[in-house]
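Working through the structure, step by step
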Amino acid sequence: MSKNDGMNYAPEGKPNKVVGEGEFKFAAIGLDHGHIYGMCNGLIEAGAQLVAVYDPDPNKTKGFSEKFPGVQVVDSEEEILNDPSINLVASANIPCDRGPLGLKVLDHGKHYFTDKPAFTTQEQVEAAREKVEETGLKWGIYYSERLHVESAIFAGQLIEEGAIGRVIQVIGTGPHRANAKNRPEWFFDPKYYGGILCDIGSHQIEQFLHYTGAKDAEVLHSKVANYNFKDYPKFEDFGDATLVADNGATFYFRVDWFTPDGLGTWGDGRAFILGTDGYIEIRKYIDIGRDSSSNHLYLVNQEGEKHFELSGKVGFPFFGAFILDCLNGTENAMTQEHAFKAASLCIEAQEKSVQIESAESSYSLS
């Protein structure tokens, strides 16, 4: 993992194959975000076979085929969509295009696995809901900061075991390194990426729903700003929000593009989970000033204090479970409603947000 970005962050875990060779074939369409590498890694480790890739940019497909030798580079989306042997399409295209592509994929009888944010408007979410209901196919979303982080997965396991009692509050932080000079133009325009709360805020809201066991939540307050990237007037470099779940649990999260160059990774992502009988802190990517490795978890409960180093010890069970869900029509990896609810709430937080500061003006108290 590069110290400088995280754009091609692609965790590798312990292979746990749930299908044999050729039983579940998939292809990639749209390589605009490096998360596609992690998405494909996870599926391959669970036994899926990556057979084809399409992107209009030959430089992207060249790099992709070097990472995944043997994949066939095809000349159009249609070659993949019309291939009856392909079970699923994975995509990390431009966020505003992910919803429309998913509709096409399901119309061609294939399951869909897309990077977050899966949608940039509520209308796209509703269209996806209707298409899933119509076809019975899966629309998976890659909420990588929980699904592809072993310490985050382990936290969920501890909560299920009752290690901290009932979860009553979650606090999440999702800082990222901007690396502005290496980003495409669409990265700076909310019309394409949905805004900071819709985009990287989606990780935060999904983990809140998961850790609390909530089915729904209300956005109480949210705000966004452009504090430091005035050359990109539409960009948002800071956002935060407060939510309350249908079961009474509360949530605050902050996301930003202010990771300093001195940090040894692309972002010091953390989560703090308070329960009635203890609490958990997850240090996902680094334990600053102590250990440059990732996946540290701290647990304090009635039995004492514990520190867990979890890299290489938990694995990534989502991917195998998702493949089996596609094949069997089950919902063990993640329910469809959970995936869509997290996506919808992050768009709602974005739509309700107060603009604190922009390239043109600053917030003033009235």
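Residues numbered from 1 in each chain as written. Predicted model: local features only at pLDDT ≥ 70, side-chain atom pairs only at ≥ 80, totals over all residues. Heavy atoms only, no water.

1. Structural notes on the state of the cysteines
We apply this condition: The definition used for a disulfide is geometric: two cysteine sulfur atoms within 2.5 Å. Note on exposure labels: buried denotes an accessible area under 20% of the residue type's maximum, exposed denotes more than 50%, and partly exposed covers the range between, all computed with a 1.4 Å probe on protein chains only.
In total, this model carries 0 disulfides according to the counting rule given. No disulfide involves Cys 96; its nearest neighbouring cysteine sulfur is the one of Cys 198, lying 11 Å away. Judged by relative accessible area, which is 16%, Cys 96 ranks as buried. Free of any disulfide, Cys 346 has its nearest neighbouring cysteine sulfur in Cys 198, separated by 4.4 Å. What makes Cys 346 buried here is its relative accessible area of 1%.

2. Examining unusual backbone geometry
Condition: Numbering of helices and strands runs from the N terminus, with a helix taken as a DSSP run of H or I at least four residues long and a strand as a DSSP run of E at least two residues long.
A cis amide bond links Lys 116 to the next residue, Pro 117, at an omega of -10°. Relative to the helices and strands, Pro 117 resides in the loop between strand E5 (111–115) and helix H5 (122–135). Despite not being glycine, Asn 179 shows a phi value in the positive range, around 50°. Considering the arrangement of structural elements, one finds Asn 179 in the loop between strand E7 (167–175) and helix H8 (190–193). Of note in this structure, Asn 295 is not a glycine but carries a positive phi near 65°. Take Asn 295: its relative accessible area is 6%, and that puts it in the buried class.

3. Digging into the nonpolar core
So the rule is basically this: Put simply, buried Ala, Val, Leu, Ile, Met, Phe, Trp, Tyr and Cys residues joined by side-chain atoms within 4.5 Å make one nonpolar core.
Membership of the largest hydrophobic core comes to 112 residues, with the highest contact counts inside it found for Ile 36, Phe 64, Phe 119, Trp 139, Ile 273 and Ile 280. The leading source of residues in this core is helix H12 (residues 336–352), at 8 residues.

4. Quick word on the pattern of salt bridges
For clarity, the cut-off: Definition used for salt bridges: Asp or Glu carboxyl oxygen within 4 Å of a side-chain nitrogen of Lys or Arg.
Under the counting rule described, the total for this entry stands at 22 salt bridges. For the salt bridge of Lys 131 with Glu 134, the shortest nitrogen-to-oxygen distance reads 3.3 Å. Of this pair, Lys 131 and Glu 134 both sit in helix H5, 3 residues apart, which is roughly one turn of that helix. Exposure remark for Lys 131: the relative accessible area of 13% places this residue in the buried category. Overall, the relative accessible area of 56% leaves Glu 134 in the exposed class. Among the ionic pairs, Asp 287 bridges to Arg 290, the shortest N-O distance being 3.4 Å. Connected through shared salt-bridge partners, Asp 268, Arg 270, Glu 281, Arg 283, Asp 287 and Arg 290 make up one network.

5. Overview of the sheet that holds strand E4 (residues 88–91)
Adjacent strands of a sheet form backbone hydrogen bonds with each other and so pair up, either parallel or antiparallel. To keep it simple, the criterion reads: Two strands form a pair only when DSSP identifies at least two bridges running between them.
Strand order across the open sheet formed by 6 strands is E3-E2-E1-E4-E5-E6, with parallel pairing between neighbours. Because the sheet does not close on itself, it has two edges, and the strands there are strand E3 (72–73) and strand E6 (139–142). Strand direction decides the pairing type here: E4 and E5, joined by 4 bridges, are parallel. Within the sheet, the bridge partner assigned to Val 89 lies in E5 and is Tyr 112.

6. Let's talk about the UniProt feature "domain: GFO/IDH/MocA-like oxidoreductase" (unreviewed entry) in the protein chain
The line we're drawing: UniProt positions are given in the numbering used here, feature names are shortened, and annotations may be inferred rather than shown by experiment.
Per the UniProt record, "domain: GFO/IDH/MocA-like oxidoreductase" (unreviewed entry) is annotated on residues 156–281. In this annotation, residues 156–281 is assigned 20% helix and 34% strand; the end-to-end C-alpha distance for the span is 12 Å.

7. Description of the packing of aromatic side chains
The line we're drawing: For Phe, Tyr and Trp, where Trp contributes only its six-membered ring, two rings pair if their centres lie within 6.5 Å, and the inter-plane angle classes them as stacked under 30 degrees, edge-to-face over 60, or tilted in between.
Applying the stated criterion to the full structure yields 29 aromatic pairs. Among the aromatic side chains, those forming a connected cluster through ring pairs are Phe 187, Phe 188, Tyr 193, Phe 229, Tyr 232, Phe 235, Trp 257 and Phe 258.

8. Comments concerning the sheet that holds strand E12 (residues 278–283)
Here is the rule we go by: For every element, the axis is a line fit to its C-alpha atoms; helices are fit only across the contacting stretch, and the angle between N-to-C directions ranges from 0 to 180 degrees. Contact criterion: two residues are considered in contact whenever any of their non-hydrogen atoms come within 4.5 Å of each other.
If you walk across this open sheet you meet the 9 strands as E14-E13-E12-E11-E7-E10-E9-E8-E15, and the pairing is mixed. Pairing within the sheet leaves two strands with one partner each, and these edge strands are strand E14 (304–309) and strand E15 (354–357). Pairwise comparison of adjacent strand axes, ignoring direction, gives a mean angle of 10° for this sheet. Here E7 pairs with strand E11 (residues 270–275) via 6 bridges, running antiparallel. From the neighbouring strand, Gln 169 faces E11, where its bridge partner is Leu 274. Each of E7, E11, E12, strand E13 (296–301) and E14 is contacted by helix H7 (residues 150–160), which is oriented at about 165° to E12, the strand it contacts most. In this fold H12 packs onto strand E8 (217–225) and E15, with an angle of close to 50° to the strand it touches most, E8.

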